[in-house]
Every structure is written in structure tokens, then in C-alpha cells.
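# Observations on chain architecture
The lines below spell out each chain.
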Amino acid sequence: MTQGPIASAPASRHRPCLSDALGRCRRLAACVVALLIAAPSAQAALSTPELLDLVRQTVAGAAERTQAQLGATVPGLKVQADVGPMDPSWRLAPCEQAEPYLPTGVRPWGPIRIGLRCTQGPVRWNVFVPAVIRVQAPVVVATAALPVGHVLQAEDLGVQEAELTGEAGATLGDPKAAVGRALAFALRPGQALRTQHLRARAWFAAGEPVTLTARGAGFAITTEGVALSPGTDGQSVRVRLDNGRVVSGQAIGPRRVEVMP
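Here the structure is a predicted model, which means the values were calculated and not measured. (Residues numbered from 1 in each chain as written. Predicted model: local features only at pLDDT ≥ 70, side-chain atom pairs only at ≥ 80, totals over all residues. Heavy atoms only, no water.)

### Considering the sheet that holds strand β7 (residues 209-216)
Note the cut-off: At least two bridges found by DSSP between two strands is the condition for calling them paired. Helix and strand assignments follow DSSP, with helices taken as H or I runs no shorter than four residues and strands as E runs no shorter than two, numbered in order from the N terminus. Note on definitions: angles span 0 to 180 degrees between N-to-C directions of axes, and those axes are lines fitted to C-alpha atoms, for helices only across the stretch in contact.
Taken together, five strands build a closed barrel; the order of strands is β7-β8-β10-β11-β12 and the barrel is mixed. Each strand axis lies, on average, 50° off the axis of its neighbour in the sheet, ignoring direction. The sheet contact formed by strand β10 (residues 236-241) and strand β11 (residues 246-253) spans five bridges and is antiparallel. The residue of β11 that forms the bridge with R238 is S248.

### Describing unusual backbone geometry
Positive phi is not limited to glycine here, since R255 has a value of about 55°. Summarising the element assignment, R255 is placed in the loop between β11 and β12 (256-259).

### Digging into the environment of A60
By the secondary structure assignment, A60 is in helix α2 (residues 48-71). Sequence-wise, A60 and A81 are 21 residues apart; in three dimensions their C-alpha atoms are separated by 6.2 Å.

### Regarding α2
For the record, the criterion: Take the number of residues in a helix, subtract one, and multiply by 1.5 Å to get its expected span. Contact definition: two residues touch when any of their heavy atoms are within 4.5 Å.
The end-to-end C-alpha distance of α2 is 34 Å, a good match for the 34 Å that 24 residues give at a rise of 1.5 Å each. Buried residues belonging to α2 abut β1 (78-83), β2 (97-101), β3 (110-120) and β4 (126-142).

Here it is in C-alpha cells:
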């Protein structure tokens, strides 16, 4: 028996299936792309050198502020900032984002510690990295070892660049301001001369005549009197006037006392 040709399925039956499959593929591809766009990109953990660079930026900013604040009043001022190594005993968890900061109340001067905290990572941590801000400027220094009580002469003093962060107290920039003053502390060669190293001036002794000036808003009255106590620079002193009245004032110069209302 002769078999006739096998009838093939109409092509139109396959077109809807193919169209549906292509549509599903397009939708799936669109979803994948959308997920890739929406998903946050993974960040690599910061290395130790990168963490130290963040700290250096904060220390450099603090040094610039110190330079701006003091540079106008201290000629030749130089500010240098250094950051110490991170403690090798720290076992810090990986961190993708960290924030350095200057702790509240810390003065950017001399040895300091800069805070560093992890703000993005599996574990939030906070450490303090050592740093130092050195301040140097031309100042008056001792040219030789000078004992306590020594009355300074021009040859005892010189001007050279010195580090100011080692000791507290204001330094002097002009040797003339110290000549004739007695030392309250001994100085070593090359040591910067500071205001606390100098004894207060004794302007007059008890019993000496003094000129007393009373100042007020828009007026000044001058009279004479006798000091009842020694007149040390900036210290309170009692003075008896010609009429017998006793007043208190401040010793401000050779045989000069000022009374403020």
C-alpha cells in the first residue's frame, strides 16, 4: 500500500512558541541588567598605607591651621607634621571606608593622637594613631650656660631657629626685650628664652615716692604718693597719698602705679 507524504505541521504553529521564548529571554536579560545596576559594587578593604594616608591628611590640615593662626604674629614660623606607625599589635578587621578625626579638645601642637574609625566594614572599630606637630621659629636663645639670678647682657643672647613645642610659655623674638632682666631659671646653651625664665621687674622699693595715675572713661588724674610695698611688675601695690589716704594700684613702670576704676 502506498503511503502518502507525511503532512508537516503548519509553520504558523511554531511562530507563537518562538515569539514567547524570545520575549521571556528579553525580559530575563532586562532583569539581570537591572539587578547588576542596582547592586552595590563591592569595595576592597583599605590597606594600612591607605589608612595612614587618611590620618596624614587630617594632621596636615591641623598643621595648616596652626600655621595660619601663629604665622601672622611669629615671623619665620615653620610647622611640620609627622605621623607615627600604626601599632603592629592591632588586629583590625577589614574596613572599606574609614574616617580620621582630631579628638575634641586636642590642641594641634606637639605630640598628639589622631582618631581613626571604621565606618563601613564587617566590624566597626576605633583606634588612635600617634602624630606630632612641630613648630619652629627664630627666637632668642642663650649663647652659653646661664645660672639663676644672672642679669642678662647682650652677649648672653642670640637669635636662632628653635623648636617651640618642647616647653610651654611665650618665647621672645627680640634680645633687647630681655637685656637687664634677671633669670628665674638656669638656661643651657641654645635654649629658647621664654617669659617664665625671667624674674618680674622690681620697679621700686617700699618707701620710695611714686606717681599714681587713675584712669577712667575719657579722663586720667595724676598725683604723687609713697609706696607702702615693693613695686613688682604687674603686681598690686599700696600707695599712701599726701592727704593720708591709702589706695591700691598696679606697678607698671619705674616709680609708676596705675589705678583702674
